[in-house]
Amino acid sequence: SGGGSFSLQAPSSSSNDRVFTIPDEANATLLTSNTSTGKILQVKQTFKNDTASTSSGTYAAISGLTVAITPSSSSNKILYMGSLYLAGTSAEAVFRLTRTIGGTLSNISGGNTFVDDEDGSFLIGGSSLYRSASFQFLDSPNTTSEITYGINWQVHSGTMYLNRTWDAGFGHGASAITVMEVAA
């Protein structure tokens, strides 16, 4: 009726008082509170409190920093995010985000890595360097099988530590990864 929106009301009855108001938008899709699209269906997290280190130039998994999730639909996406507490002295490390389905390990960052080095973003504490590095990746695994997400790391020089601090009076750091199933 020219008002920019219109309402559709259910037939009158004592138990039915639902009203739908539809906005005046071309080619729009009506989403309701019962629509699953975009909803977070489940959340899984792993928290690593102990320390780890690597001085290897070959990629290896960070032990104890994996999380498993089983999507309810193959069309759903997985939002994979995390934060690593890193320390090193004259160290440069690279990291790959991984996914394992049915025993097959894949590098889900598409061959790309994220690099953590002495680029000025570290905090200086005595002779040590430490910082928190975070990441987010939206994965489309196209499966309803269990998926295990993890992180591989290697160094180009020095030794990189996870969850370690040298400075007296400071507790050590902690790292976590979280995965969320997002409805398609």
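Here, every reference points to the structure presented above.
Quantities reported herein were computed from a predicted structural model and do not represent experimental measurements.

Novice: Can you help me understand the overall build of the protein chain in this one?
Specialist: Secondary structure summary: the protein chain contains zero helices and 15 strands in total. Counting the 184 residues in the protein chain, one finds 36% classified as buried. Surface summary for the protein chain: the accessible area is close to 10400 Å², and the carbon and sulfur share equals 48%.

Novice: Help me understand the packing of aromatic side chains in this model?
Specialist: Centre-to-centre distance and the angle between the planes together describe a pair of aromatic rings. Counted according to the given criterion, the structure contains three aromatic pairs. Taking the centre distance of 5.0 Å and the plane angle of 40 degrees together, the rings of Y80 and Y149 count as tilted. Taken together, the positions of Y80 in strand β7 (residues 77–88) and Y149 in strand β13 (residues 147–157) put the pair 69 residues apart, joining distant regions of the chain. Since its relative accessible area comes to 0%, Y80 is described here as buried.

Novice: It is not clear to me how the pairing of strand β9 (residues 104–107) should be interpreted in this structure. Could you clarify?
Specialist: Residues in a regular strand project their side chains so that they alternate between the two faces of the sheet. Strand direction decides the pairing type here: strand β8 (residues 92–101) and β9, joined by four bridges, are antiparallel. Note that in β9 the partner of R99 across the bridge is S106. Where β8 folds back onto β9 in an antiparallel hairpin, the turn is made up of two residues, including G102, whose phi is positive at roughly 55 degrees.

Novice: Explain the side chain of T46 here, please?
Specialist: Relative to the helices and strands, T46 is located in strand β3 (residues 40–48). Accessibility expressed as a relative area gives 15% for T46, which makes it buried. At 2.5 Å, the side chain of T46 forms a polar contact with the backbone oxygen of T66. When neighbours within four sequence positions are excluded, T46 is seen to be in contact with G64, L65, T66, V67, S175, A176 and I177.

Novice: I keep staring at the pattern of salt bridges and nothing clicks. Help me out?
Specialist: It is possible for side chains bearing opposite charge to pair when their charged atoms get close. Applying the stated criterion across every chain, the model contains two salt bridges. Among the ionic pairs, K48 bridges to D50, the shortest N-O distance being 3.0 Å. Looking at K48, the relative accessible area reads 4%, which means it is buried. By relative accessible area, which is 45% here, D50 ends up partly exposed.

Novice: Would you mind going over the environment of I40 with me for this structure?
Specialist: Examined against the element boundaries, I40 turns out to sit in strand β3. I40 gets classed as partly exposed once you look at its relative accessible area, which sits at 44%. Residues I40 and M180, 140 residues apart in the sequence, show an inter-C-alpha distance of 6.4 Å. Those residues in contact with I40 that sit more than four places away from it in its chain are M180, E181 and V182.

Novice: Could you clarify how one ought to interpret unusual backbone geometry in this entry?
Specialist: Unusually for a residue other than glycine, N142 sits at a positive phi of about 55 degrees. Relative to the assigned elements, N142 resides in the loop between β12 (128–139) and β13. Of note, N163 is a non-glycine position whose phi angle comes to about 65 degrees, a positive value. Topologically, N163 is positioned in the loop between β14 (160–162) and β15 (175–182).

Novice: Where do I start with the nonpolar core in this structure?
Specialist: Y80, F95, Y149, I151 and L162 are the most contacted members of the largest nonpolar core, which has 25 residues in total. If you list the elements that add at least two residues to this core, you get β6 (67–69), β7, β8, β12, β13, β14 and β15. Looking at this core, the element that brings in the most residues is β13, giving five residues.

Novice: Can you help me understand the pairing of β13 in this one?
Specialist: In terms of burial, β13 is largely enclosed, as eight of its eleven residues are buried. Summarising the sheet, strand β5 (residues 60–61) and β13 pair through two bridges and their orientation is antiparallel. Bridge assignment links A61 to a residue of β13, and that residue is N152. Where β6 meets β13, three bridges bridge the pair, whose relative direction is antiparallel. Residue pairing in the sheet places V67 in a bridge with Y149 of β13.

Parameters at a glance
Residues numbered from 1 in each chain as written. Predicted model: local features only at pLDDT ≥ 70, side-chain atom pairs only at ≥ 80, totals over all residues. Heavy atoms only, no water. Helix = DSSP H or I, 4+ residues; strand = E, 2+ residues; numbered from the N terminus. Buried < 20%, exposed > 50% of the residue type's maximum accessible area, 1.4 Å probe, protein only. Areas by Shrake-Rupley, 256 points an atom, 1.4 Å probe, with all protein chains shown as cover. Phe/Tyr/Trp six-rings, centres within 6.5 Å; stacked < 30°, edge-to-face > 60°. Pairing = 2+ DSSP bridges. Polar contact = N/O pair within 3.5 Å; in protein donor to acceptor, adjacent residues only side chain to side chain. Contact = heavy atoms within 4.5 Å. Salt bridge = Lys/Arg side-chain N within 4 Å of Asp/Glu carboxyl O. Core = buried A, V, L, I, M, F, W, Y, C linked by side-chain atoms within 4.5 Å.

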